[in-house]
Amino acid sequence: MSPTTSLSILRMAVPGPLRRIFDYLPPAGCDLSRLQPGMRLRVPFANRQVVGVLLALADSSDIAPSKLRRAQALLDSQPILPAEMLNLMRWASRYYQHAIGEVILGSLPTLLRQGQAARPTSEACWRLSPAGRDVDRDSLQRAPKQAALLHILKAHNEGLTAEMLNQQLTNWRPAMSRLQEKGWVDMREQPVGPEAPNPDREPETPALNPDQQRAVETLNASLNRYQCFLLDGVTGSGKTEVYLQVIQKVLAAGQQALVLAPEIGLTPQLIQRFRARLPGRMALLHSGLSDRQRLNNWLACANGEADILIGTRSALFTPLPGLGLIILDEEHDLSFKQQDSFRYNARDLAIVRAQKSDIPILLGSATPSLESLHNVSRQRSQQLSLPERAGDARQPDLRLLDVRHQKLEQGLSAQLLNSVQQHLDARGQVLLFLNRRGFAPVLMCHDCGWHARCLRCDAHLTVHHGQQQLRCHHCGSQRRIDRRCPDCHSENLNFIGAGTERVEEVLTTRFPDVRVLRIDRDSTRRKGSLDAMLTEIQRGEPVILIGTQMLAKGHHFPNVTLVGMLDADYGLFSSDFRASERMGQLLLQVAGRAGRAERPGEVLIQTHQPDNPLLQYLLRHDYEGFSQALLKERADAELPPYSHLALLRAESPEAAAAMQFLQEAKQQAAIIHSQLLAFGPLPAPMERRAGRFRAQLLFQHHQRGELQHWLARLMPELETMKSARKVRWSIDVDPMEMY
Ligand code: ADP
Ligand code: ZN
Ligand code: ZN
């Protein structure tokens, strides 16, 4: 037998939760010399057929030859994943202790995962004609639907498909036909892929200030080899400008650039800026695309047709053969961590990818994570600072409002309300921040103390007044608001506390002549509604914005002159050790929305803890001091980044099953390794959620490698434990949330 034909066992990643690679025989009649790792094959699995990815060819299997099943069909003539990506995914699968099949198949565009050909697909696509680009929106005042379409099309040079249009407008086809008849819109059947470079690019780049200049020069001198940089620049300091200039350099060298942003930070404004400036073909990957567009954009990146990929977390897994730079914007943002199924951290994996590809990676933030700052102090990462706002904009003034003994009107102090009035009088915009949506967090009976609780969770139901509903924010269950107390039949039911909906109501009554815009998950559920509100804000008329953390990210509100934080205290009293870090980041991010242009901003923070030392650092814009104080606390408590954690979670409809499984898991861990610290098991902070009882066991080790090693030995043991069958369990390596 010749050596090549002896490699006749296919080692495959197949979808599913099992932490294993599966062996198959090649498809009947398949020319073995055509098989290469990274190709897809259709294979039988249990009693189904699934799409798997070939990882390697082997000459033998642990499975008896008679039991090996035969793959059905080869789906690709070329590998769709290069060796480099397979290596990254195998690394991730090992590090996060997650099934390789889910890691690899989960990273592919849906259509490839379903077995469709790796070819761009065509679909009808509408875009503005050159004549349409010059049309003034106001000329369509009597045809609002056409005006709306025109507005949407203007924001999408690459064109829009029916699926995308459906997400933003209903019944848009008649209006679209009108626009086509007028010659303002072209429709073509075409593969919708990356955008060609914008012909009306702004060739002018602003003169960089000395800090930006230094950052750009340092980065330009480090291209073509691995180095991690932390671009630590206050909000509005011109980080995006630094990104643009470095990307230009990378493109000029004929390389590709990958830009990752949080879902909510990937705003039309950001994309517009990239589009306006960069001389490259740009591909986007985010949740707003159709499956075909995702496929086309992914393919364009993989075959080198796209020069720039801008995307959210999962775009990290896109093949980019000429990758020369990775940028990760808002690196502190929690949305880089996937919180279910494959629980990876895209920031950490992006660093691994840069290392493996030997290219630089740039992490940017106004409020860097403690992990990234720690990496700077260990010289794993190089800090580039932009301590001043770019141009003439100044940092806003931060002040605390001591609300102890003050009468609050649904969370609003008289002082804050007065300031709102003053800023509106001066024709400024006002942004109020409250991280609690809904009308009121509790519905309570005044006569007997009964309060509305979720039947499936250990949680209160939130009152949503607009819909006259009680909703559970943990499991989504909902019902109508009670008229009478179910216990004592009293009609004396009170709403306790205030969420954004209630504050909106107070503001509308109090400022009847001013538009109040509420921006939270409820008010922006409908696609396009956030865009519409952002457009209204950009017009610059005095408005009051009341919103949750959706307001804190990415947006530029140049006319906002007052920011009010209704409740800064919640972050100071949480059981999660990351709560203070998050509170500080959120506070400075929200504050950063104020006074970005020529109008100076003011930030008022309501608190019952005016002397809190952490708040004092933030008031002075001393994020450095704030983070050093927190790092000291973490070091003293041996918490990350000074130790490494893995959280084993279990849940079951049976009350004791999760605890029992974790108890056994702890015993197993002790057998494998007596030095591995295991805390718990403990019931989760909210034990019952959606009808399941949840518990957790925390592993800790001061050495990452050691923890990895022992986890890898523990996982197979857990998979075979009898008590594991009664629970759903998962392992979360480097958990970001401790519930
Ligand atoms: P960041 O990304 O740090 O929030 P941006 O890059 O968005 O900051 O810059 C904030 C504002 O300052 C933008 O309007 C940008 O156009 C402007 N800007 C950035 N760099 C300069 C510069 N060197 N000179 C003048 N204006 C600048
Ligand atoms: Zn009652
Ligand atoms: Zn619930």
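Computed from a prediction, not measured in an experiment: that's the story for all the values here.

On to the packing of aromatic side chains. In the structure shown here, the tally under the stated rule is eleven aromatic pairs. Seen from their ring centres, Y96 and F342 are 6.0 Å apart, and the 75 degrees between their planes marks the pair as edge-to-face. Of this pair, Y96 sits in the loop between α2 (83-95) and α3 (100-107) while F342 sits in the loop between β14 (323-329) and α13 (346-357), and the two are 246 residues apart along the sequence. Side by side, Y96 and F342 carry an identical accessibility label, which is buried. Taking 6.2 Å as the distance between ring centres and 40 degrees as the angle between the ring planes, the aromatic pair formed by F317 and F342 counts as tilted.

Right, let's talk about the coordination of the zinc ion (ligand 3) for a bit. In the first shell of the zinc ion (ligand 3), the protein supplies C454 (SG), C457 (SG), C472 (SG) and C475 (SG), at 2.3 Å from the metal. The coordination sphere of the zinc ion (ligand 3) comprises four donor atoms, whose angles at the metal cover 106 to 112 degrees; the geometry is tetrahedral. For the zinc ion (ligand 3), the single-chain donor residues occur in sequence as C-x2-C-x14-C-x2-C. Placement of the pair is C457 in the loop between β21 (442-445) and β22 (462-464) and C475 in the loop between β23 (469-471) and β24 (478-480), with a sequence separation of 18 residues. Owing to a relative accessible area of 22%, C475 belongs among the partly exposed residues under this scheme.

So, on to the coordination of the zinc ion (ligand 2). Put simply, the ideal angle at a metal is 109.5 degrees for four donors in tetrahedral geometry and 90 or 180 degrees for six donors in octahedral geometry. Around the zinc ion (ligand 2), the donor atoms from the protein are C445 (SG), C448 (SG), C485 (SG) and C488 (SG), and they sit 2.2 to 2.4 Å away. Each donor residue of the zinc ion (ligand 2) belongs to the same chain, and together they define the spacing C-x2-C-x36-C-x2-C. Residue C445 is located in strand β21, and its partner C488 is located in the loop between β24 and β25 (493-496); the two are separated by 43 residues in the primary sequence. You can call C445 buried: its relative accessible area is 2%. With relative accessibility at 32%, the residue C488 sits in the partly exposed group.

Grouped together as the largest cluster of nonpolar side chains are 118 residues, with contacts concentrated most on I104, L587, L648, F661 and F699. With seven residues, the single largest contributor to this core is helix α21 (residues 657-672). Residue contacts for I104: discarding those within four places in its chain leaves A13, V53, L55, L81, L86 and M89. One finds F229, L244, V250 and I327 within the second-largest nonpolar core, a separate group that totals 31 residues.

Attention now moves to the site of ligand 1. In the vicinity of ligand 1, 16 residues are found, and the nearest of them are A207, Q212, K239, T240 and R273. In the environment of ligand 1, a nitrogen atom lies 2.8 Å from a nitrogen or oxygen atom belonging to the side chain of Q212. Backbone polar atom of G238 to an oxygen atom of ligand 1: 2.9 Å apart, as the coordinates give it. About the coverage of ligand 1: the protein hides 72% of its 550 Å² of free accessible area. Ranked by the residues each element gives to the shell around ligand 1, the list is headed by helix α10 (residues 239-252), at three residues. In terms of residue class, the shell around ligand 1 is made up of four nonpolar, eight polar and four charged.

Thresholds applied
Residues numbered from 1 in each chain as written. Chains lettered and ligands numbered in written order. Predicted model: local features only at pLDDT ≥ 70, side-chain atom pairs only at ≥ 80, totals over all residues. Heavy atoms only, no water. Phe/Tyr/Trp six-rings, centres within 6.5 Å; stacked < 30°, edge-to-face > 60°. Helix = DSSP H or I, 4+ residues; strand = E, 2+ residues; numbered from the N terminus. Buried < 20%, exposed > 50% of the residue type's maximum accessible area, 1.4 Å probe, protein only. Donors = N, O, S within 2.8 Å, 3.2 Å for Na, K, Ca; no water. Tetrahedral: all angles 85-135°; square planar, octahedral: opposite > 155°, others 65-115°. Core = buried A, V, L, I, M, F, W, Y, C linked by side-chain atoms within 4.5 Å. Contact = heavy atoms within 4.5 Å. Near = heavy atom within 4 Å. Polar contact = N/O pair within 3.5 Å; in protein donor to acceptor, adjacent residues only side chain to side chain. Areas by Shrake-Rupley, 256 points an atom, 1.4 Å probe, with all protein chains shown as cover. Nonpolar A, V, L, I, M, F, W, Y, C, P; charged D, E, K, R; others polar.

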